[in-house]
Amino acid sequence: MKTSQTVHVTDIPSSRPSASSLQLAAPQKGLVAGGSLVGLALVVYLFATQQLSQPILMILGFLLGFTLFHARFGFTSAFRRMTSVGNGQALRAHMLMLAIAVSLFAPILAYGISFFGGPVAGYVAPVGVSLLVGSFMFGIGMQLGGGCASGTLYAVGGGRSVMFITLIFFIIGATIGAYHLPFWTEEMPSMGAYSLATSTGLGYGGAWAVSLVLFALIAWITWVIEKKKHAPKMAPLPTAQGWVRIFRGAWPLFAAAIVLAVLNALTLMTRGEPWGVTSAFALWGSKIASLGGFDVANWGYWQGDNAAALQSSIFADSTTVLNFGIMIGAFVASAAGGLFKFTQITFGNFLASVIGGLLMGYGARLAFGCNIGAYFGGIASFSLHGYIWGVLAMAGTFLALYLRPIFGLSVPKITDSFC
């Protein structure tokens, strides 16, 4: 049996045959208490200083991070397993998540259902050169950086040290991307935004039905490829029995898929748009650049609707609040499982994280989102750009399989017992 070159926090040694035989670590109770208190303090602060939606989003972010960590629900690893050895287990979980999401998004978008009475809109973005280049770059970047947008946040929350490097350069890349975005959107060809619901005459009901057929077809294709290649199964994760499993041990992927879809729908009804991640990175980086003397306010990206965010507190930004919640939720989840610890950084994964973070940040701005805003949120919003993002990110993943070994990063092999 071949062993991988690098074992990550989310990897389980393939010599262990089943989840039931893997022993759970003792909970880190002090860290659980500390993380919970920080989260509670932020909720109280947001309740006192911001609109009511902000503390609610903080709680939703916490639940998103908690869910992502407990299931190790990955986008990066799902794409890598599919392209390298043909394992489609995680991609089928994606299809379940998307199926539930479109079922919830359709009535919300059709009838403008909102908790606070404001406008509700999905993520429907233009299809053009910017999308093609950005999503391909992101696909390469997430395989080098060790995680996607949501994966970076929950890995940081879990203490995976190298992901702090990825996050820093993700922010830098997103800031540079924001600066360059007007060139890509105004000078490069684009066919504009295209919605399966509103651009086709299908309506939300018809687009919902078409989406379910597409998801079923993709799931079937992954199953056929998996059987044909005799792909290794995903490595088991330690879990608990009964209700304790909610707080300690791994969740099934299908359970996390359901929870993530529901939480995204609740996010849509709370803030008027779906879950997103990377716009906050551009905001954080631009604020830091402004402090460094750059005339950020005159960038094209920060004109119009975005101008207010640049002048306001980061706690007024709903995406920032969600991101903070995700990191705290993942931290508490990792500590509850006794898994929080800082990990070793090598020169290889440091360099890969720098390059990967830059590619993801820049690519996410060009592609109007990441694996969450473009892929998850875009497809759930019936936007064509979400599907194209997925295809191009998969193509970027395929190329990255040849780049990962240069940095000492592992690539699953068909001869592995688990992947």
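Conventions we followed
All residue numbers refer to positions counted from 1 along the written sequence of the respective chain. Selection of residues for local features in this predicted model requires a pLDDT of at least 70, selection of side-chain atom pairs for listing and counting requires 80 or more, and totals for whole chains, interfaces and linings are taken over all residues. For the side-chain quantities, the full set of heavy atoms in the structure was used; hydrogens and water were omitted. Each helix corresponds to a stretch of at least 4 residues labelled H or I by DSSP, and each strand to a stretch of at least 2 residues labelled E; elements are numbered beginning at the N terminus. Just to be clear, the radius of gyration here is over C-alpha atoms, and the globule rule we use is 2.2 Å times residues to the power 0.38. Burial classification: accessible surface area is computed with a 1.4 Å probe over protein chains only, and a residue below 20% of its type maximum counts as buried, one above 50% as exposed, and the rest as partly exposed. Contacts were defined at the residue level, with two residues in contact if any of their heavy atoms lie within 4.5 Å. Only the six-membered ring of Trp is used, alongside the rings of Phe and Tyr, when aromatic pairs are assigned; centres must lie within 6.5 Å, and planes under 30 degrees apart are stacked while those over 60 apart are edge-to-face, with the rest tilted. Placement of a positive charge over a ring is assigned whenever Lys NZ or Arg CZ falls within 6 Å of the ring centre and within 35 degrees of the normal to the ring plane. Every axis corresponds to a line fitted to the C-alpha atoms, with the helix fit spanning only the stretch in contact, and the corresponding angles, defined between N-to-C directions, vary from 0 to 180 degrees. Oblique is the label for any angle not covered by the other classes, which are roughly parallel (under 35 degrees), roughly antiparallel (over 145) and roughly perpendicular (65 to 115). By definition, turning the near helix anticlockwise from the far helix through less than a right angle yields a left-handed crossing, and turning it clockwise yields a right-handed one. Residues were grouped as follows: Ala, Val, Leu, Ile, Met, Phe, Trp, Tyr, Cys and Pro as nonpolar; Asp, Glu, Lys and Arg as charged; and all remaining residues, including Gly, as polar. A helix is expected to span 1.5 Å multiplied by its residue count minus one. In this scheme, the bend at a residue equals the angle between the axes fitted to the seven residues that finish there and the seven that begin there. Patch building starts from residues that exceed 30% relative accessible area and form no salt bridge, then joins like charges within 9 Å and nonpolar side chains (Val, Leu, Ile, Met, Phe, Trp, Tyr) within 5 Å. For every accessible area listed, the method is Shrake-Rupley and the probe measures 1.4 Å; residues are considered covered only by the protein chains on display. Any carboxyl oxygen of Asp or Glu within 4 Å of a side-chain nitrogen of Lys or Arg constitutes a salt bridge here. Whenever a nitrogen or oxygen atom comes within 3.5 Å of another N or O atom, the pair is scored as a polar contact, on the condition that within protein one atom can donate a hydrogen and the other can accept it, and that pairs from neighbouring residues in sequence are kept only if both atoms are in side chains. Buried residues of nine kinds, namely Ala, Val, Leu, Ile, Met, Phe, Trp, Tyr and Cys, make up a nonpolar core once their side-chain atoms join them within 4.5 Å.

**Q** Residues and numbers for the overall build of the chain, please.
**A** The secondary structure content of the chain amounts to 15 helices and two strands. Computed over C-alpha atoms, the radius of gyration of the chain comes to 20 Å, within 12% of the 22 Å expected from 2.2 N^0.38 for 419 residues, which places it in the range of a compact globule. With respect to the three principal axes, the spread of C-alpha positions in the chain is 55 × 45 × 40 Å. The buried share of the chain, taken over its 419 residues, is 55%. Across the chain, contacts joining residues at least 24 apart in sequence account for 82% of those joining residues at least 6 apart.

**Q** Which residues make up unusual backbone geometry, and what values go with them?
**A** For residues that are not glycine, phi is negative in most cases, and the peptide bond is trans in most cases. Even without being a glycine, Arg72 presents a positive backbone phi close to 45°. Along the chain, Arg72 falls in the loop between helix 2 (53-71) and helix 3 (76-85). Phi angles above zero are rare outside glycine, and His230 is one such case at about 55°. For His230, the position within the fold is in the loop between helix 8 (203-229) and helix 9 (253-271).

**Q** Account for the packing of aromatic side chains, with residues named and values stated.
**A** Under the definition given, this model contains 23 aromatic pairs. Between Trp284 and Phe324, the ring centres sit 5.6 Å apart and the planes meet at 25°, which makes this aromatic pair stacked. Of this pair, Trp284 sits in helix 10 (residues 278-291) while Phe324 is found in helix 12 (residues 318-336), placing the two residues 40 residues apart along the sequence. Relative accessible area serves as the criterion here: at 12%, Trp284 is assigned to the buried category. Taking NZ or CZ as reference, Arg72 lies 4.4 Å from the ring centre of Phe69, over its face.

**Q** So what's going on with the packing of helix 3 against helix 4 (residues 89-111)? Residues and values would help.
**A** Relative to each other, helix 3 and helix 4 sit at 130°, their axes nearing to 7 Å. When the interaxial angle is binned, helix 3 and helix 4 end up oblique. The chirality of how helix 3 crosses helix 4 is left-handed. Contact with helix 3, carried on its side by Ala78, Phe79, Arg81 and Met82, involves Ala90, Leu91 and His94 of helix 4 and no other residues of that element. Counted by class, the contact of helix 3 with helix 4 contains five nonpolar, one polar and one charged residues.

**Q** Could you give an account of helix 7 (residues 162-186), with specific residues and numbers?
**A** Helix length check: helix 7, at 25 residues, gives a terminal C-alpha distance of 36 Å against a target of 36 Å (1.5 Å per residue), a fit within 8%. At His180, helix 7 shows its strongest bend, of approximately 50°, with the proline Pro182 following within four residues.

**Q** I'd like to hear about a nonpolar patch on the surface, residue by residue, with values.
**A** There is a patch of nonpolar side chains on the surface, built from Phe47, Leu52, Ile56, Phe115 and Phe116 and spanning about 500 Å² of accessible area. In this fold, Phe116 is placed in the loop between helix 4 and strand 1 (126-128). For Phe116, a relative accessible area of 39% gives the class partly exposed.

**Q** How would you sum up the side chain of Ser353? Please name residues and give values.
**A** Among the secondary structure elements, Ser353 is positioned in helix 13 (residues 347-366). Of note is the side chain of Ser353, whose polar atom sits 3.2 Å from the side chain of Thr166.

**Q** Residues and numbers for the nonpolar core, please.
**A** Of all hydrophobic cores here, the largest spans 103 residues; its most connected members are Phe73, Phe138, Trp275, Phe281, Tyr375 and Trp389. With 13 residues, the single largest contributor to this core is helix 4. For Phe281, the contacting residues outside a window of four places in its chain are Leu153, Leu167, Phe170, Ile171, Ala174, Thr175 and Asn323.

**Q** Explain helix 5 (residues 129-145) residue by residue, including any values.
**A** Helix length check: helix 5, at 17 residues, gives a terminal C-alpha distance of 24 Å against a target of 24 Å (1.5 Å per residue), a fit within 8%. Immediately downstream of helix 5, the backbone of Gly146 shows phi near 90°, a positive value.

Geometric descriptors of this kind do not, in isolation, establish any biological role.
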